[in-house]
Every structure is written in structure tokens, then in C-alpha cells.
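Fold and geometry: a report
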Amino acid sequence: MNTLIAISGLGVFCLIAEIFNLRKLLVPVAVLGLLAILGLTISEFNSPNSFYNNMIVVNKFSVAFSSLFIILTIFLVALSGDFYKDHPTKISDFIAIKIFLLSGAVAMVSFGNLSMFFLGIEVLSISLYILAASRRLDVKSNEAGMKYFLMGSFASGIILFGICLVYGATGYFDMAEIYDLSQGAGLPVWFPIGITLIIIGMLFKIAAAPFHFWAPDVYEGSPSMTTATMSTLAKVVAMATLFKLLSGLTELSEKVELLIVIISILSMTVGNIMALRQKNVKRMLAFSGISHAGFMLMALLSMSTAGATLLYYTAAYALAGIASFAVIIYVTKDKDNEDIVNFDGLGKTNPLLASILTASLLSMAGIPIFSGFFAKFMLFTQTIKAGYFVVVIAAVFNSIISVGYYFKLILAMYTKEASEDKKAVPFVYYAVAVVAILLNILMGIYPSLVTNLLN
């Protein structure tokens, strides 16, 4: 609860800073404030508690994921200073929205009540709608904002309908009460219908197939900084929340597990096959994110033991995503598009940025020594133990397919001639990209640093 209050206070400060013309201090103060909030959050790790009649529940799961969200937001806020420098009067708005978005993310993994869960979802979603359409004079940004708003609103409506059915069946919004009632017999038929609707709504949020159609257009049309936020922070939040919901609502039936198996395989396959055809890097990473959503869904097949594995996988994926987007934003910020041709010869004009992008793509593909490899290995091991060998076979084949489109971008950087000379790179891009990829590699060398947090 202290974390939520502190984040909200920092967001309000960012808005007030504009009144006193403190724009130059905005990014450093926001980053320092988030680092202080990270310390405050970590201090609650071994102090489980609940607040406001169980509306907010602080435990190891919520603290671990909240810490990951704060770290990702620090990277995103740090990049925002240069990204929005052409709009100095609006920078406080953009940074405040990202911080308020973080408060919604923390609420989504700290809820003990379905009403708090829905509030968190709406805070996060509304922030993203605004950011997606933030380039008012850009038709693609307008289209992305409208598509995301419509699809997100439908998904939120489905989730809300599911919550209403669960409440109608049990008479409670409180997660602990609902879980106790779901263990016995006698709940009416609309309880499983409500659970199903909530799951479907959350699958929209994580862009899992066949609920993924909005993602490629929204990712491509949104400003690159917003795409980075959706691809890393928003996807990780939605996946962690879905895991917490299902672990707190009911034990999964065989039919639900079969549905998860089908959606997981479908997401991996559709995402990877469609990514092979893309020339735009942001669309390619959108389909890559759909395939990674399929991998993350495998964690739901071993609910009792997969919390630590899901934390490790989401951290590995998000850090690789942040590192890659730091490079993508720099390379494409003065261009009309984000096509792969913009990266031709980057290995010659800027070897450091090219090597960071290569490392992050290799991590996403699941190549050792990067944490992406160990994340997939842990996920595959647990899924085999749960008895779903066919999912692991599909996942291995899809990992091989993914190498194809990741290497398409890598080969463009190292085998083609550069179309322009080397440009000066602002220090913040180097700092964010290097720190993110080093954290990724550190997790790959010492997986226990993360996996022991929830074991």
C-alpha cells in the first residue's frame, strides 16, 4: 500500500513540476523517486500484510512483480527525456501518465478484491489509450489509439461481465472468500462462465491468439516509446495478473487446461509464422510478443510451482525488450518508418548499439548465455513434469522458427552497407540499453537471484 501511495504522489509531483517550470529536473527527479520507491517496495518483501479490508494484499508475489514493474518504468522514464524533447511543454504529462500507469500495474498484482483488480486494469488501460494516440497529427497514431481503445474497452467489458457473474454466484468480491467457496460443490453454472469471461478478457490484454488482432497495427502506429511500454511493461503486468487471478480464484479443471494448451500452441505458432513475413521492426516485435505470450501461458499448466518461473521469464523477456527498444527508438527516431532497412550497416556505424540489439534478440530467441534460454528451459521442464509434453514439442519448434526473423534483423546490421554516416548518440540510450542487457545476462549466469525470490 505504501508503494501505491508513493507512486501516486510522484505522479502528482510530475504534474505540479510543470507549473513551476521544473522541466529540466523532471526526468532525474522521477528516476530518483522511482529508485526510492523500489527500495520501499523491497523493504516489504518479508512483511506480508493486507490493507483496507483485504482490498490490497502485500506478499512475496506482489512485491517481486511490483519491483520488476518499477525497474521497467525507470528505464522507460529515462528514455522519455530525449524522446519527448521536441515537445517540452508536454513532457511532464507523458512522464506523469507513465507513473500513473505504474500505479495501475502495482494494483493489478497486489489486489485481494476483484473491484481493486478492475480499477488497476482501467488505470493501466486508459494510460495506454492516451499514449497510443498521443501524436495527434499522425494518422497512424490516431488509428492505433482508436483500435486499442475499442478493443481494450471490449476486453474490459468482458472482464467486468465475468466479475459480475462471479459475484452473482458467490456473493463476494473478496478473492479469499471466492476461493474458499469454489473448493466446494454447489456453485451455480454462471461461476465457471464468469471465470471463462475473465480469462478471455485477460487474453485480449496479453494479445494471445486468437485475441491478438489489434496488436500489430497498434504497435506499429503508436509512438515507439508507447510501443516499448506495451511490449514490455503492459504485457508482463497482464500475464502476472492472469496468473494471480487463476491461482486465487479456483483450481483449473481439465477443460480449462486443455483450452490453455490450445491457445498457448496457437499463440506461439501464429506469432512466429506471421513475424517471418514482417519488414517493419515494430510489427515484427508485435508478433514476437504474441508468440512469447504463448510461452508465458505454459506457466498456467503448473500453477502451484510456476510463480518463480513466470517471474524469471517475464523479467528476461522485458529486459531484452527494453534493450532492443532503446536501440530501435534511437535508430528510427528521425525516420518515416521503422523498416528493417533502417538498420542496414548498424554493426559498422555503431558496433555497441548493434551488439546490444543482437544480444537482446538472441535472448528472445532463447540462445545461451542469455536469460531467455534459461527461462524457456525452466518453463519446458515444469510443463513436462505437468504432463504436457506436446506443448513443449510445439514450443521447441517455435523457438527454432523464431531464430529466422530475429536473424533477419541481425544479418541486416552486419552484412549490408550503411545508408548514412555515424551520428552522435545521446548517453541515455547507451545507459538504458547497456544496463538492461547486462541485467539480462546477469540473470542468465545467476538464475537463482530471481527464482529464489518466490520459492
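In what follows, the accompanying structure is described. (Residues numbered from 1 in each chain as written. Predicted model: local features only at pLDDT ≥ 70, side-chain atom pairs only at ≥ 80, totals over all residues. Heavy atoms only, no water.)

Quick look at helix α3 (residues 60-83)
Compared with an ideal rise of 1.5 Å per residue, which puts 24 residues at 34 Å, α3 spans 34 Å between its outermost C-alpha atoms and is within 8% of the ideal. Across the 24 residues of α3, 21 count as buried, placing the element largely inside the fold. The N-cap of α3, judged by a side-chain oxygen 3.2 Å from the amide nitrogen of phenylalanine 61 a few residues on, is asparagine 59. (Helix = DSSP H or I, 4+ residues; strand = E, 2+ residues; numbered from the N terminus. Expected span 1.5 Å × (residues − 1). Buried < 20%, exposed > 50% of the residue type's maximum accessible area, 1.4 Å probe, protein only. Polar contact = N/O pair within 3.5 Å; in protein donor to acceptor, adjacent residues only side chain to side chain.)

Observations concerning the side chain of threonine 3
Secondary-structure assignment places threonine 3 in helix α1 (residues 2-19). Within the local environment of threonine 3, its side chain forms a polar contact with the side chain of threonine 41, the two groups lying 3.0 Å apart. Apart from the residues lying within four places of it in its own chain, the contact partners of threonine 3 are Ile37, Leu40, Thr41, Glu44, Ile70 and Val106. (Contact = heavy atoms within 4.5 Å.)

Comments concerning helix α13 (residues 307-332)
Here α13 contains 26 residues, and its C-alpha end-to-end distance of 36 Å stays within 8% of the 38 Å for a straight helix at 1.5 Å per residue. Of all 26 residues that make up α13, 26 are buried, and the element is covered over most of its length.

Looking at the packing of aromatic side chains
Enumeration according to the criterion identifies 18 aromatic pairs in this entry. Between phenylalanine 204 and phenylalanine 211, the aromatic rings sit 5.1 Å apart at their centres with planes inclined by 45 degrees, giving tilted as the arrangement. This pair shows no difference in class: phenylalanine 204 is buried, exactly as phenylalanine 211 is. Lysine 244 extends its terminal NZ or CZ atom over the ring of phenylalanine 111, reaching a point 4.9 Å from the ring centre. A cation over an aromatic ring shows up here: lysine 376 above the ring of phenylalanine 295, its NZ or CZ 4.5 Å from the ring centre. (Phe/Tyr/Trp six-rings, centres within 6.5 Å; stacked < 30°, edge-to-face > 60°. Lys NZ or Arg CZ within 6 Å of the ring centre and 35° of its normal.)

Overview of a nonpolar patch on the surface
A surface patch of nonpolar side chains, amounting to about 580 Å² of accessible area, comprises Val12, Ile16, Ile19, Phe20, Leu22 and Leu25. The dominant element in the nonpolar patch, judged by the number of residues it contributes, is α1, at three residues. Along the chain, isoleucine 16 falls in helix α1. (Patch = residues over 30% accessible without salt bridge, like charges linked within 9 Å, V, L, I, M, F, W, Y side chains within 5 Å. Areas by Shrake-Rupley, 256 points an atom, 1.4 Å probe, with all protein chains shown as cover. Salt bridge = Lys/Arg side-chain N within 4 Å of Asp/Glu carboxyl O.)

Let's talk about the pattern of salt bridges
Applying the stated criterion across every chain yields a total of nine salt bridges. With its nearest N and O atoms 3.4 Å apart, the salt bridge here joins aspartate 82 to lysine 85. Linking lysine 147 and aspartate 217 is a salt bridge whose minimum nitrogen-to-oxygen distance equals 2.6 Å. Taken together, the residues lysine 147 in helix α6 (residues 139-170) and aspartate 217 in helix α9 (residues 214-221) connect sequence positions 70 residues apart. The exposure class assigned to lysine 147 is partly exposed, which follows from its relative accessible area of 28%. Each of the salt bridges in this network shares a partner with another, and the network as a whole consists of Lys140, Glu143, Lys147, Asp217, Glu220 and Arg283.

So, the side chain of threonine 451
Relative to the elements of secondary structure, threonine 451 occurs in helix α19 (residues 448-451). In contact with threonine 451, not counting residues within four places along its chain, are Ala308, Tyr312 and Met378.

Looking at the nonpolar core
In this structure, Phe69, Met202 and Leu297 are the most contacted members of the largest nonpolar core, which totals 171 residues. Sort the elements by how many residues they give to this core and α13 lands first, with 19 residues. (Core = buried A, V, L, I, M, F, W, Y, C linked by side-chain atoms within 4.5 Å.)

Let's talk about the packing of α1 against helix α2 (residues 23-42)
Where α1 meets α2, the closest approach of the two axes is 10 Å, and the angle between their N-to-C directions is 175 degrees. Put simply, α1 runs roughly antiparallel to α2. Counting all contacts with α1, which are made through Asn2, Thr3, Ala6, Ile7, Leu10, Phe13, Cys14, Ala17 and Glu18, the residues of α2 involved are Arg23, Leu26, Val29, Ala30, Gly33, Leu34, Ile37, Leu40 and Thr41. (Axes fitted to C-alpha atoms, helices over the stretch in contact; angles between N-to-C directions. Parallel < 35°, antiparallel > 145°, perpendicular 65-115°, else oblique.)

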